[in-house]
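Close look at the chain arrangement
Single-letter residue listing:
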Amino acid sequence: MPRIGLRFDMRWTGEGSNADRYRAALDMAEWADDHGFDYVRLNEHHASADSYLPSPLVMAGAVGARTRRLAVRVTVLLLPLHDPLRVAEDVAVADLISGGRLEVVLGAGYSPAEFEMFGKRLEDRAGDLESGIEVLRKAWTGEPFEYAGRQARVTPRPAQDAMKILLGGTTNAGARRAARLADGFEPTTEQAVEVYERERRRLGRENETEPARPVATSGVRFLHVAEDVEKAWHLIGPHAMRESNSYAQWVDKSRRTVAAYQHRASIEDVRASGTYLVVDPDQCVDYASSLGDNDVLEFHPLMGGLDPEVGWAGLRLFAERVQPRLRSTRRNGRS
């Protein structure tokens, strides 16, 4: 049975009130908590013309305050852009607010514009990530330590006795770094999974670290349930195309390759990519039943500036027409 979650990056097209969109996201998180969802996932990017979420730890604190059960996941937090002491403090407070439900996946970042904005060097990001991880581990002990030649101490400590250091990544170098330094790895390619698992065995860390947990192993980055799929695509298509092309532009500037996000010339191209999935309830049950325990059913109800009412309609239809059948399948012992 796959995990079920929500994702928010808070893109905004300028239509309606952005403050209302943030309130809608928190309402959706609370609703998901009441309807058996497993997690809420929050992303980070900066200087985006469509107001992409720049402060995921602030948002994580708000989600943690509105929910009681589900995991609050920040993935990925671009650690090289930030002062690691400030990150350590913000993580601790957000974790306390959530009662120990915060999960933070760290990443090196890839957008040159973001590094320029923060006065950082893109070529230093790997070293800054590694040194930042060392600072976080020391900071979360609550004990004094030396940082950049100064005495530092981070209080309060997180609610969790031992905050896990999780890393995300795509490259082989990132996979080897995760095997060496992290408690777990969330890659976006199967090759990175293989490199990570091989390296952790070589280092004798297979019992110390978690197996790789691939991100969106099914390849679907957006899921929506609708009675009328064609009508839903009419509403969703422009937002999906805008989002895909925006990511593709960032990826191109960073000289990386991410198969899920490429330039799409039309909504038909977006549909054919398989990255965005709009299905009716029966199709959703079939799709969910095809997934394993390491896969996810992830809803992105405000994707690309989508009207919250469209997102709400998909979530409620899922809860009414799909979830009961998935629970029945689980009770009957079928995958």
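The structure presented is a predicted model; accordingly, all values stated were derived computationally and were not measured.

What follows covers the overall build of the protein chain. Helix and strand counts for the protein chain stand at twelve helices and eleven strands. The C-alpha radius of gyration computed for the protein chain amounts to 20 Å, which stays within 12% of the reference 20 Å derived for 335 residues, consistent with globular compactness. With the principal axes as the frame, the protein chain shows a C-alpha extent of 60 × 45 × 40 Å. Looking at the 335 residues of the protein chain, the share that counts as buried comes to 53%.

Below, the discussion takes up the nonpolar core. If you look at the biggest cluster of nonpolar residues, it comprises 78 residues, and the most contacted ones within it are F37, L106 and F318. Among the elements that make up this core, the one with the highest residue count is helix α1 (residues 18–34) (six residues). Ignoring sequence-local partners within four residues, the contact set of L106 consists of V76, L77, L79, L129, I133, L136, I165, L166, L167 and G168. Ranked by size, the runner-up nonpolar core spans 13 residues in total, among them Y276, V278, M303 and V310.

Here the focus is helix α6 (residues 172–181). Those residues of α6 lying buried are G174, A175, R177, A178 and A179. For α6, the elements touching its buried residues are α5 (125–139), β7 (166–169), β8 (184–187) and α7 (190–202).

In this section: the side chain of E197. By the secondary structure assignment, E197 is in helix α7. Discounting residues that sit within four places of it in the chain, E197 has contacts with P211 and A212.

Before going further, it helps to spend a moment on the packing of α1 against helix α11 (residues 308–321). Look at α1 against α11: their axes get within 11 Å of each other, and the N-to-C directions meet at 5°. Relative to α11, the element α1 lies roughly parallel. Counted together, R21, A24, D27, M28 and W31 of α1 and P308, G311, W312, L315, R316 and A319 of α11 form the full contact between these two elements. Looking at the contact of α1 with α11 residue by residue, the class counts come to seven nonpolar, one polar and three charged.

Before going further, it helps to spend a moment on the environment of T67. Relative to the assigned elements, T67 resides in the loop between α2 (56–66) and β3 (71–78). In sequence terms T67 and D307 are 240 residues apart; their C-alpha atoms lie 23 Å from each other. The residues touching T67, leaving out its near neighbours within four places in the chain, are A29, E30, D33, V72 and R101. A distance of 2.8 Å separates a polar atom in the side chain of T67 from the backbone oxygen of V63.

So, about the sheet that holds β8. Strand order in the open sheet formed by seven strands is β8-β7-β4-β3-β2-β1-β11, and the pairing between neighbours is parallel. Two strands bound the open sheet, and with one partner strand each, they are β8 and β11 (296–299). In this sheet, adjacent strand axes meet at a mean angle of 30° when their direction is disregarded. Here β3 pairs with strand β4 (residues 102–107) via six bridges, running parallel. What sits directly across from V72, in β4, is L102. Packing of α1 onto the sheet brings it into contact with β1 (3–8) and β2 (39–42), and relative to β1 it is tilted by some 170°.

Calculation criteria
Residues numbered from 1 in each chain as written. Predicted model: local features only at pLDDT ≥ 70, side-chain atom pairs only at ≥ 80, totals over all residues. Heavy atoms only, no water. Helix = DSSP H or I, 4+ residues; strand = E, 2+ residues; numbered from the N terminus. Rg over C-alpha atoms; globule rule 2.2 N^0.38 Å. Buried < 20%, exposed > 50% of the residue type's maximum accessible area, 1.4 Å probe, protein only. Core = buried A, V, L, I, M, F, W, Y, C linked by side-chain atoms within 4.5 Å. Contact = heavy atoms within 4.5 Å. Axes fitted to C-alpha atoms, helices over the stretch in contact; angles between N-to-C directions. Parallel < 35°, antiparallel > 145°, perpendicular 65-115°, else oblique. Nonpolar A, V, L, I, M, F, W, Y, C, P; charged D, E, K, R; others polar. Polar contact = N/O pair within 3.5 Å; in protein donor to acceptor, adjacent residues only side chain to side chain. Pairing = 2+ DSSP bridges.

Taken by themselves, the reported measurements are silent on function.
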